[in-house]
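# Examining the three-dimensional arrangement
Now for the letters of each chain:
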Amino acid sequence: MSCLSKDHRLNSPKDFNRLYKSGKRWHTTSFVAFFSSNPTLKAAFVTSKKVGNAVNRNKARRRMRALFASYEKQLVIGNYIFVAKIALHDKNFLELKKDFDFALKRLEVLK
């Protein structure tokens, strides 16, 4: 089963607040990554209106989801939130992958 299915979505406001307040975080130029250990793998991809119109926000989420899915087998199980920044649109896929790799290493969530 994919980590992006409905069973693996983080959608409870309580979980979001807990992760924002007490989870590990790492800022990159493209996004902010949050992690908290948990017995199940759940993820959320957040974009605000600062990122742009609906087309740009959806594109940002799709790009982050694609990167997350490529790391699915290598990740420690837990809760993840990725918050897009405006600069995400200025990066090509390889630069974004480099940021993603760096953030996951700094959060110490790669097996």
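Please refer to the structure placed before this passage.
What comes next is a walk through the structure. The model shown is predicted, which means the values in this text are computed figures rather than measured ones.

## Considerations on the packing of aromatic side chains
Centre distance and the angle of the planes are the two values used to describe a pair of aromatic rings. The final tally for this structure, using the stated rule, is 13 aromatic pairs. Look at Phe16 and Tyr20: their rings are 6.1 Å apart centre to centre, the planes differ by 55°, and that puts the pair in the tilted class. Here Phe16 pairs with Tyr20, and both are found in helix α1 (residues 13-22), just four residues apart, close to one helical turn. Owing to a relative accessible area of 17%, Phe16 belongs among the buried residues under this scheme. Residue classification places Tyr20 among the partly exposed residues on the basis of a relative accessible area of 28%. Among the aromatic side chains, those forming a connected cluster through ring pairs are Phe31, Phe35, Phe45, Phe68, Tyr71, Tyr80, Phe82 and Phe100.

## Some remarks on the pattern of salt bridges
By the definition in use, this model includes four salt bridges. In this structure, the salt-bridge partner of Lys24 is Glu108, at a minimum N-O distance of 3.6 Å. Here the residue Lys24 occupies a position in strand β1 (residues 24-27), and Glu108 occupies one in the segment after α3 (93-106), the gap between them amounting to 84 residues. Note on Glu108: relative accessible area 61%, which makes it exposed. Notably, a salt bridge pairs Lys105 with Asp101, separated by 3.4 Å at the nearest N-O pair. Placement of both Lys105 and Asp101 in helix α3 is noted, with a separation of four residues, approximately one turn of the helix.

## What about the environment of His27?
Considering the arrangement of structural elements, one finds His27 in strand β1. Overall, the relative accessible area of 48% leaves His27 in the partly exposed class. Taking the C-alpha atoms as reference points, His27 and Arg106, 79 residues apart in sequence, are found 9.8 Å from one another.

## Let's talk about the sheet that holds strand β2 (residues 31-37)
Pairing within the open sheet is mixed, and its four strands lie in the order β1-β2-β4-β3. Edge strands, defined here as strands with exactly one partner in the open sheet, are β1 and β3 (42-46). Strand-to-strand twist in this sheet, taken as the mean axis angle between neighbours without regard to direction, amounts to 10°. Of the pairings in the sheet, the one linking β2 to strand β4 (residues 78-84) comprises seven bridges and is antiparallel in character. Considered in β4, the bridge of Phe31 is made with Ala84. Contacts between helix α2 (residues 54-70) and the sheet are confined to β2, β3 and β4, with β3 contributing the most and set at about 150° to the helix.

Reading the values: the criteria
- Residues numbered from 1 in each chain as written.
- Predicted model: local features only at pLDDT ≥ 70, side-chain atom pairs only at ≥ 80, totals over all residues.
- Heavy atoms only, no water.
- Phe/Tyr/Trp six-rings, centres within 6.5 Å; stacked < 30°, edge-to-face > 60°.
- Helix = DSSP H or I, 4+ residues; strand = E, 2+ residues; numbered from the N terminus.
- Buried < 20%, exposed > 50% of the residue type's maximum accessible area, 1.4 Å probe, protein only.
- Salt bridge = Lys/Arg side-chain N within 4 Å of Asp/Glu carboxyl O.
- Pairing = 2+ DSSP bridges.
- Axes fitted to C-alpha atoms, helices over the stretch in contact; angles between N-to-C directions.
- Contact = heavy atoms within 4.5 Å.

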